[in-house]
Amino acid sequence: MAEIQFLDVSKVYGGGTAAVRRLTLTVREGEFVVLVGPSGCGKTTALRMVAGLEEITDGEIRIGNRVVNDLPPRDRDVAMVFQSYALYPHKNVYENLAFGLRMRGVPKADQRTRVEEIARVLGLQDLLQRRPAHLSGGQRQRVAMGRAIVREPKAFLMDEPLSNLDAKLRGQMRAEIARIQQTLKVTTLYVTHDQVEAMTMGHRVAVMRDGVLQQVDTPQQLYDAPTNLFVASFVGSPPMNMLEAEVERDGAALVCRSGSTQIDVPHDVVARRPRLEQLVGRRVVLGIRPESVEDGGEGAHLRGRVLLVEALGAEQLIHFEIPAVPLGRPELVDAAAQPPGASLGIDEGGRSTTILGRFDRSTLLRPGEAAEVRVDPHRLHFFDLETGAALEATDAPVAAELAS
């Protein structure tokens, strides 16, 4: 096992296109770190630079104590698992697993011992004589992983290895890969565009956008304390609701007004986010997680009408139209993650927007009905509209690493 370090690493292609910009990130020994972000964010380029498949423009990459910038791929002692399984179709499972060992001159007896051990870990014992054409997608993926594991490399590099599988099999393989990594405790850098994969598998998750690292932290901390609007919109399924609001003073209290919707901000919330006092008269972004939208009770009440009910068995996702102002700066967020119609609609009182709530299946709301839901103001997220940066609570842990 070995630590992987990116030290101010950049990759610029011909014509000046920057794929990765000054990336600084450490994958600790034995850690599972996931690089996640939309297509074109630079995550696969970063992985390929570690593997030696892309040259580095600036900066330094270390594997263990060695700078590997100029080392060819075969001398880096890392194993890569690709999106395509890349198995030899004319060889059976045993021969595919043993191929790398044979090429390195490992004695046949040792080859057999290591292949059989890995086959046991991956549940491939009964498949060793089959060829890839006679395996399911999940079985082929396990063989591809086994071929990497059997080499006992210093680190695993995985490039969207589950993207070719159906939804059910992806779920099973997520758990399988996480279990194998915990068993072997091998340093792993994993790339995906699927934030559900990232959140369920990684010890830490690094969110990238346009070649720049936005935030890296534990999955729960990314969810609870996103450092900016992009991370807030990208992390979470369904995504966070976002409204533009103006901070106003109502006597000694503060309120956030969005269209004809008003949310009172309790004193203890202001005490934890003192910068809100400095933003009186200015616009901010309110972030509301779907699970923070509740049916009745104490808190800030939002009035509107039900647009759509998605019944998912154990729960319902309910879309509401409310008289509030949608976020008008899509460049600050992951626009692809925003709910349909989030920036559309006009009602009698002015502009309106759609918010999404996650409810128990027993909630009785129907499309077209007027509705009143509540939001706990203690669970609101606040962001600067100009920069997109979060207005962090004073007692919130600071993100482990941020992009400069």
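Residues numbered from 1 in each chain as written. Predicted model: local features only at pLDDT ≥ 70, side-chain atom pairs only at ≥ 80, totals over all residues. Heavy atoms only, no water.

Participant: Explain the side chain of Lys43 here, please?
Facilitator: Considering the arrangement of structural elements, one finds Lys43 in helix 1 (residues 43-51). This buried residue, Lys43, is left without a salt bridge; Glu160 holds the nearest opposite charge, at 4.4 Å. Reaching out from Lys43, the side chain makes a polar contact with the backbone oxygen of Pro38 at a distance of 3.2 Å. When near neighbours in sequence (up to four residues on either side) are disregarded, Lys43 contacts Leu35, Val36, Gly37, Pro38, Glu160, Val191, Thr192, His193 and Met208. (Helix = DSSP H or I, 4+ residues; strand = E, 2+ residues; numbered from the N terminus. Buried < 20%, exposed > 50% of the residue type's maximum accessible area, 1.4 Å probe, protein only. Lys, Arg positive; Asp, Glu negative; His and termini not counted. Salt bridge = Lys/Arg side-chain N within 4 Å of Asp/Glu carboxyl O. Polar contact = N/O pair within 3.5 Å; in protein donor to acceptor, adjacent residues only side chain to side chain. Contact = heavy atoms within 4.5 Å.)

Participant: What exactly am I supposed to notice about helix 2 (residues 93-103) here?
Facilitator: An α-helical segment advances 3.6 residues per turn. Residues three or four places apart therefore align on the same side. Counting buried residues along helix 2, eight of its 11 residues qualify, which places the element largely inside the surrounding structure. Taken residue by residue, helix 2 has Val93, Tyr94, Asn96, Leu97, Ala98, Phe99, Gly100 and Leu101 as its buried positions. Those residues of helix 2 hidden inside the fold are in contact with helix 3 (108-122) and helix 4 (137-149). Between the side-chain oxygen of the N-cap and the backbone nitrogen of Tyr94 there are 3.2 Å, and the N-cap of helix 2 in question is Asn92.

Participant: Help me understand the pattern of salt bridges, please; the structure alone is not making it clear to me.
Facilitator: Any two side chains of opposite charge can pair if their charged atoms end up close together. Following the criterion strictly, the structure yields 20 salt bridges and no others. As a salt-bridge pair, Arg22 and Asp8 come within 3.1 Å of each other at their nearest N and O atoms. Of this pair, Arg22 sits in strand 2 (residues 18-27) while Asp8 sits in strand 1 (residues 4-12), and the two are 14 residues apart along the sequence. Notably, a salt bridge pairs Glu152 with Arg114, separated by 4.0 Å at the nearest N-O pair. Of this pair, Glu152 sits in the loop between helix 4 and strand 7 (155-159) while Arg114 sits in helix 3; the two residues are 38 residues apart in sequence, bridging distant segments of the chain. Each of Lys11, Arg48 and Glu54 takes part in a single network of salt bridges with overlapping partners.

Participant: Would you take a moment to explain the confidence of the model for the protein chain for this structure?
Facilitator: Detailed reading of the predicted coordinates is not advisable wherever pLDDT falls low. For the protein chain, mean pLDDT is 87; residues scoring 70 or higher make up 92% of the total. Segment residues 341-349: pLDDT under 50, and 14 contacts once partners within four positions in sequence are set aside and those in other chains are kept. Note that pLDDT drops below 50 for residues 396-404; the model gives that stretch 20 contacts with residues more than four away or on any other chain. (pLDDT = per-residue confidence, 0-100.)

Participant: For this particular structure, what's the right way to read the packing of aromatic side chains?
Facilitator: The tally for this structure, following the rule as stated, stands at four aromatic pairs. Judged by centre distance (5.8 Å) and plane angle (65°), the ring pair of Phe320 and Phe359 falls under edge-to-face. Placement of the pair is Phe320 in strand 17 (residues 315-322) and Phe359 in strand 21 (residues 353-360), with a sequence separation of 39 residues. Under the relative-accessibility criterion, Phe359 is labelled buried at 5%. One cation-aromatic arrangement involves Arg289 over Tyr223; the distance from NZ or CZ to the ring centre is 3.9 Å. (Phe/Tyr/Trp six-rings, centres within 6.5 Å; stacked < 30°, edge-to-face > 60°. Lys NZ or Arg CZ within 6 Å of the ring centre and 35° of its normal.)

Participant: Would you mind going over the sheet that holds strand 4 (residues 58-63) with me for this structure?
Facilitator: What links the strands of a sheet is backbone hydrogen bonding, and the strands pair in either a parallel or an antiparallel sense. Strand order in this open sheet of four strands is 2-1-4-5, and the pairing throughout is antiparallel. Edge positions in the sheet fall to strand 2 and strand 5 (66-67), since each of these pairs with one other strand and no more. Sheet topology places strand 1 next to strand 4; five bridges connect them, and they run antiparallel. Residue pairing in the sheet places Ser10 in a bridge with Asp58 of strand 4. Helix 1 rests against strand 1, strand 2 and strand 4 of the sheet, and its axis sits at about 115° to strand 1. (Pairing = 2+ DSSP bridges. Axes fitted to C-alpha atoms, helices over the stretch in contact; angles between N-to-C directions.)

Participant: Looking at this structure, how should I read the layout of surface pockets?
Facilitator: As a volume, the largest pocket reaches approximately 510 Å³. Lining the largest pocket are 22 residues, with Val78, Ala79, Met80, Phe82 and Arg151 positioned closest to its centre. For the lining of the largest pocket, the elements supplying multiple residues, two or more each, are strand 6 (78-81), helix 2 and helix 4. Tallying contributions element by element places strand 6 first for the lining of the largest pocket, with four residues. Partitioning the lining of the largest pocket into residue classes produces 15 nonpolar, two polar and five charged. (1 Å grid on protein atoms, 1.4 Å probe; cavity = no way out; pocket = protein on both sides within 12 Å on 5 of 7 lines; lining within 4 Å. Points joined across faces, edges and corners; volume = space filled by probe spheres on them. Nonpolar A, V, L, I, M, F, W, Y, C, P; charged D, E, K, R; others polar.)

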